[in-house]
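# Remarks on the overall topology
What follows is the residue order along each chain.
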Amino acid sequence: MTESGEKLRVGILGLRRGLTHLRNFLQVPGAEVIACADRLEIPRQRAREVIGDRPVRVVHEFDDMLELHPDAVVIASNGRQQAAHSIQAMRAGCHVLSE
């Protein structure tokens, strides 16, 4: 929960390793997964199966997810890109959990 008592809006980047984070955050009462992103279709499809009928956007690009203004993002992308993705998310005003 945020300080104002609202659910923490979470985005997840990278749906191979990040699929576990998606499953976990979907179970956290004080969190609301609003979007997840991966450039590859197979991980996005697996995420859709986990999400089911919940109102979570599944997008191709990280920028598209950041446009939804999550409070926090999980960075589970390629290790060589994690620092750049983390900086991009922080510049967008997000808290970051980087694997």
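Residues numbered from 1 in each chain as written. Predicted model: local features only at pLDDT ≥ 70, side-chain atom pairs only at ≥ 80, totals over all residues. Heavy atoms only, no water.

Right, let's get into the sheet that holds strand β1 (residues 8-13). If you walk across this open sheet you meet the 5 strands as β3-β2-β1-β4-β5, and the pairing is parallel. Of all strands in the sheet, those bounded by a partner on one side alone are β3 (57-59) and β5 (95-98). Adjacent strand axes in the sheet meet at a mean angle of 25° when their direction is disregarded. Two elements, strand β4 (residues 72-75) and β5, share 4 bridges in a ladder whose sense is parallel. Opposite V73, over in β5, you have V96 as the bridge partner. (Pairing = 2+ DSSP bridges. Helix = DSSP H or I, 4+ residues; strand = E, 2+ residues; numbered from the N terminus. Axes fitted to C-alpha atoms, helices over the stretch in contact; angles between N-to-C directions.)

So, on to helix α1 (residues 18-26). Listed as buried for α1 are G18, L19, H21, L22 and L26. What you see down the axis of α1 is that its buried residues fit within an arc of 160°, all on one side. Those residues of α1 that are buried are in contact with β1, β2 (31-37), α2 (41-51), β4 and β5. (Buried < 20%, exposed > 50% of the residue type's maximum accessible area, 1.4 Å probe, protein only. Arc of directions from axis to C-beta. Contact = heavy atoms within 4.5 Å.)

Position of H85 relative to the elements: it lies in helix α4 (residues 82-91). Relative accessible area serves as the criterion here: at 15%, H85 is assigned to the buried category. Dropping the residues within four chain positions of it, H85 is found in contact with L13, F62, I75 and S77.

Taken as a whole and assessed by the stated rule, the structure comprises 0 disulfides. Of all cysteine sulfurs, the one in C94 lies closest to C36, which takes part in no disulfide; the gap is 15 Å. By relative accessible area, C36 is classed as buried at 0%. Overall, the relative accessible area of 8% leaves C94 in the buried class. (Disulfide = S-S within 2.5 Å.)

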